[in-house]
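Per-entry structural report
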Amino acid sequence: MSDATPSRDAIEPVRRPRRWHIAVFLLPALLVYTAVMILPLIETLRLSLFNTVDGEHTFVGLANFKVLFGDARWAADFWNALRNNVVFFAIHMLVQNPIGVALAAMLSIPRLRFAAFYRTAIFLPTLLSFVIVGFIWKLILSPIWGVSPYLMDLVGLKSLFSPWLGKPGSALVAVSLISVWQYVGIPMMLIYAALLSIPDEVIEAAECDGITGWSQFWKIKLPLILPAIGIISILTFVGNFNAFDLIYTVQGALAGPDKSTDILGTLLYRTFFGFQLQLGDRSMGATIATVMFLIILAGVTFYLFVVQRRIRRYQF
Amino acid sequence: MSKARTSLSRTTVVHLALIAYTLISVFPVFLTLINSVKSRNAIFRNPMQLPTAETFDLVGYTTVLGQGDFATYFQNSLIVTVVAIALVLLFGAMAAFALSEYRFRGNTLMGLYLALGIMIPIRLGTVAILQGMVATGLVNTLTALVLVYTAQGIPLAVFILSEFMKTVSDDLKNAGRIDGLSEYAIFFRLVLPLVRPAMATVAVFTMIPIWNDLWFPLILAPSEATKTVTLGAQIFIGQFVTNWNAVLAALSLAIFPVLVLYLLFSRQLIRGITSGAVK
């Protein structure tokens, strides 16, 4: 079946009615993706408009959302989870990403010794599952074991120790920092890759002009890696607004103490499946999932249409 | 070509900073591993001390191996991860080939449709996914997990692989066509071997979230026979929370395979992650 035409974009044969192989190549991926991902997503969005009224599955319009945002019982939980989620995200942006950039900047110094070793070690936590990470830190921060007080004593800060995970005021920050510890490897790697792709000539030209060290980083490298920083930010956003595992592992489904670490993911889980005395509620679960979907969609749209268009890209 | 002289003091500061952060990264893992082979008293009295002859004790491991069915969990995780990765790579590469090789109506639209899943997490469809799995009787089967993870992995796989497939030379493919190869043979025998490095990258990106996932095993397959390692460890540790020997041993057992694999393959893995830019 070779009708190789001589021109370069000969891939489109002029008159062949059906090219079945295209369909064959596309079909498996399309089928699984549509059936397991897209249709359930649409169905979930649709379910958020329904509820059980008098034992009947009825269309209720936006009533579920009204309940979620306004009903005394639901709204408190929802706004609390949303607020915590925003804090969770903010901590990642302010701690994880700057640390990641700093580590990448240091690692990309030419001819730095042991760079491969540092890279390997710092990326290790990213590969561990949340269960491992969550419990390790639970043990380390536990006042029973005394590892953290001991370590803080070494630097003379023992008086500052408190059971952070157990206090409503500090639990969210503590959990966020655990998550930062685990994921700092990802921004580090992506920025590292971006820094390595800066051509030597650009750096040499900067050096000829006497721009080195710090000012070289701020004035030459940082603008060049801005697109990578943008990607990291949106990845962090999406990841944080559907996070669940770490909080579930460290603080349980109730996201204690006193729901101070409850984020949208744990709220969705509790609502959908029920927990202890609370019964699972499919419609409200779908409603929360829809809200999460809209938040993530808004973030992604903002990134694609506002951030990405403003960032200047340099082609080498 | 002389780079600016990196002064000795600056290099020292950089090394100190990197060493400090490396310690922060590795210390918790190290602490868990050393304490998992110590006796209960030693764990509490001297958590920072390496196990010595007197404090060495494997009681934690015997508890874990006696109680939890970790061999089954491990097998489940392995099956789910390997099958899902194989399907993601195969289906993803096929779709990527169709999108990057042929021009047909709806090509761009199809690309966008498939790319949607990169940004929108599949978790948000959980409510309906569970419904669908219940309806098809797939709840508490590994098939359910494989299907979900395949769907989850395909978007990124298509995206990365089609970028790479665009770089495969047209002349090569056309030469194949002249020699009478079918489009399928061109894909399987010419293109696939050439994009192998990109396949490795995709495999890594797909593997980590699947192996570590807690959400879908918890919701779709929580039965004893289908538990994955992550879920099994979670439940085991939850039950033995006051038995520190057992908890530390279970953690170490969960870390160990990842650690060994990572140390063996870290070079390829990191090269895979940075390959997008470094090539």
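Since the model is a prediction, treat every value here as computed from it, not as a measurement.

1. What to know about the overall build of chain A
- The helix and strand inventory of chain A stands at 13 helices and 4 strands.
- The globule rule puts the C-alpha radius of gyration for 316 residues at 20 Å, and the 25 Å found for chain A is more than 25% above it.
- Seen through its C-alpha atoms, chain A measures out along the principal axes to roughly 75 × 70 × 35 Å.
- Each of the 316 residues in chain A was classed as buried or not, and the buried ones make up 38%.
- Partitioning the intrachain contacts of chain A with sequence separation of at least 6 by distance along the chain shows that 67% fall at a separation of at least 24.

2. Side note on the overall build of chain B
- The helix and strand inventory of chain B stands at 13 helices and 0 strands.
- The helix and strand sequence of chain B, counted from the amino end, reads α-α-α-α-α-α-α-α-α-α-α-α-α.
- For a compact globule of 279 residues, the expected C-alpha radius of gyration is about 19 Å, and chain B comes in at 24 Å, more than 25% above that figure.
- Seen through its principal axes, chain B has C-alpha atoms that stretch 75 × 70 × 35 Å.
- Residues counted as buried form 43% of the 279 residues belonging to chain B.
- A separation of at least 24 residues holds for 76% of the contacts in chain B among residues at least 6 apart in sequence.

3. Topic: the interface of chain A and chain B
- Taken together, the contact between chain A and chain B spans 75 residues of the former and 79 residues of the latter.
- For the side of chain A that touches chain B, the leading source of residues is helix α1 (residues 20-47) of chain A, giving 16 residues.
- When the residues that make up the side of chain A that touches chain B are grouped by side-chain class, the tally is 55 nonpolar, 11 polar and 9 charged.

4. Remarks on the UniProt feature "domain: ABC transmembrane type-1" (unreviewed entry) in chain B
- The UniProt feature table records "domain: ABC transmembrane type-1" (unreviewed entry) at residues 74-265 of chain B.
- In residues 74-265 of chain B, the share of helix is 79% and the share of strand is 0%. The end C-alpha atoms are 20 Å apart.

5. Quick word on the UniProt feature "domain: ABC transmembrane type-1" (unreviewed entry) in chain A
- Residues given the UniProt feature "domain: ABC transmembrane type-1" (unreviewed entry) here are residues 82-305 of chain A.
- Here residues 82-305 of chain A is 73% helix and 2% strand, with 24 Å between the C-alpha atoms at its ends.

6. Focus: the domain arrangement of chain B
Residues and elements named next belong to chain B.
- The domains assigned to chain B are domain 1 (8-57) and domain 2 (70-278).
- Each of domain 1 and domain 2 has a C-alpha centre, and the two are 33 Å apart.
- Facing 7 residues of domain 1, the contacting portion of domain 2 comprises 7 residues.
- Where the side of domain 1 that touches domain 2 is concerned, the elements lending two or more residues are α1 (8-36) and α2 (40-45).
- Class assignment for the residues of the side of domain 1 that touches domain 2 results in 3 nonpolar, 3 polar and 1 charged.

7. Points about the pairing of strand β1 (residues 50-53) of chain A
All names here are of chain A.
- Bridge count between β1 and strand β2 (residues 56-59): 4 bridges; the pairing is antiparallel. When the bridges of β2 are listed, Asn51 appears paired with Thr58.
- Where β1 folds back on β2, the antiparallel hairpin that results is connected by 2 residues, among which Asp54 adopts a positive phi of roughly 50°.

8. Some words on unusual backbone geometry
- For Arg111(A), which is not glycine, the phi dihedral falls at a positive 55°.
- By the secondary structure assignment, Arg111(A) is in the loop between α3 (72-107) and α4 (115-127).

9. As for the UniProt feature "transmembrane region" (unreviewed entry) in chain A
- As recorded in UniProt, the feature "transmembrane region" (unreviewed entry) lies at residues 20-42, 86-109, 121-151, 171-195, 224-244 and 284-306 of chain A.
- Secondary structure content for residues 224-244 of chain A is 86% helix and 0% strand, while the C-alpha to C-alpha distance between its ends is 34 Å.

10. Some points on the environment of Asp213(B)
- Here Asp213(B) lies in the loop between α10 (196-212) and α11 (215-220).
- Remark: the alpha-carbon pair of Asp213(B) and Ser77(B), spanning 136 residues in sequence, is separated by 10.0 Å.

11. Here we look at the UniProt feature "transmembrane region" (unreviewed entry) in chain B
- The UniProt entry lists residues 12-34, 78-99, 111-130, 142-165, 186-211 and 246-265 of chain B under the feature "transmembrane region" (unreviewed entry), expressed in the numbering used here.
- Counting secondary structure, residues 186-211 of chain B comes out at 96% helix and 0% strand; the distance between its end C-alpha atoms is 33 Å.

12. Topic: the nonpolar core
- Counting residues in each nonpolar core, the largest one holds 156 residues, and the members touching the most others are Ala95(B), Val148(B), Leu161(B) and Ala250(B).
- Domain assignment of the residues forming this core places at least three in each of domain 1 (8-57) and domain 2 (70-278) of chain B.
- Ala95(B) has contacts with Phe25(A), Leu26(A), Ala29(A), Leu30(A), Leu114(B) and Val158(B), leaving out every residue within four places of it along the chain.

13. Section: helix α7 (residues 142-165) of chain B
Residues and elements named next belong to chain B.
- Taking 1.5 Å per residue as the helical rise, α7 with its 24 residues ought to reach 34 Å, and the 32 Å between its terminal C-alpha atoms agrees with that figure.
- If you look at α7, its biggest bend is around 35°, right at Ile154, and the proline Pro155 turns up within four residues after that.
- Extensive coverage of α7 is indicated by the burial of 20 of its 24 residues.

14. Digging into the packing of helix α10 (residues 213-241) of chain A against helix α13 (residues 282-310) of chain A
Residues and elements named next belong to chain A.
- Direction vectors running N to C along α10 and α13 enclose 175°, while the axes themselves pass 10 Å from each other. Considering their axes alone, α10 and α13 lie roughly antiparallel with respect to each other. Across the interface between the two elements, Gly230, Ile234, Phe237, Val238 and Phe241 of α10 pack against Met292, Ile295, Ile296, Gly299, Val300, Tyr303, Val307 and Gln308 of α13.
- The class makeup of the residues in the contact of α10 with α13 is 10 nonpolar, 3 polar and no charged.

15. What to know about the confidence of the model for chain A
- Looking at chain A, pLDDT values average 86 and 94% of them are 70 or higher.
- Taking the mean pLDDT of every element in chain A, the minimum, 76, falls on strand β4 (residues 278-279) of chain A and the maximum, 94, on helix α7 (residues 171-183) of chain A.

16. Structural notes on the confidence of the model for chain B
- Of all residues in chain B, 94% have pLDDT values of 70 or greater, and the mean over the chain is 86.
- Across the whole predicted complex the pTM is 0.86, and at the interface the ipTM reaches 0.84.

17. Digging into the packing of helix α12 (residues 264-273) of chain A against α13(A)
All names here are of chain A.
- Contact geometry for α12 and α13: axes closest at 8 Å, N-to-C directions at 160°. Here α12 lies roughly antiparallel to α13, going by the angle between them. Of the two elements, α12 crosses α13, and the hand of that crossing is left-handed. Residues Leu264, Leu267, Leu268, Thr271 and Phe272 of α12 touch α13, and the partners they reach there are Arg282, Met284, Gly285, Ile288, Ala289 and Met292.
- Among the residues forming the contact of α12 with α13, the class breakdown is 8 nonpolar, 2 polar and 1 charged.

18. Things to note about the environment of Val26(B)
- Within the element layout of this structure, Val26(B) appears in helix α1.
- The class of Val26(B) is partly exposed, set by 15 C-beta atoms lying within 10 Å.
- A C-alpha to C-alpha distance of 48 Å links Val26(B) and Tyr102(B), two positions 76 residues apart in sequence.
- With residues near it in sequence (within four places) discarded, Val26(B) still touches Ala121(A) and Leu124(A).

Calculation notes
- Residues numbered from 1 in each chain as written.
- Chains lettered and ligands numbered in written order.
- Predicted model: local features only at pLDDT ≥ 70, side-chain atom pairs only at ≥ 80, totals over all residues.
- Helix = DSSP H or I, 4+ residues; strand = E, 2+ residues; numbered from the N terminus.
- Rg over C-alpha atoms; globule rule 2.2 N^0.38 Å.
- Buried ≥ 20, exposed ≤ 12 C-beta atoms within 10 Å, placed from the backbone.
- Contact = placed C-beta atoms within 7 Å.
- Nonpolar A, V, L, I, M, F, W, Y, C, P; charged D, E, K, R; others polar.
- UniProt positions renumbered as here; feature names shortened; annotations may be inferred.
- Domains from an automatic or database assignment.
- Pairing = 2+ DSSP bridges.
- Core = buried A, V, L, I, M, F, W, Y, C linked by C-beta atoms within 7 Å.
- Expected span 1.5 Å × (residues − 1).
- Bend = angle between axes of the 7 residues up to and from the residue.
- Axes fitted to C-alpha atoms, helices over the stretch in contact; angles between N-to-C directions.
- Parallel < 35°, antiparallel > 145°, perpendicular 65-115°, else oblique.
- pLDDT = per-residue confidence, 0-100.
- Left-handed = near helix turned anticlockwise from the far one by under 90°.

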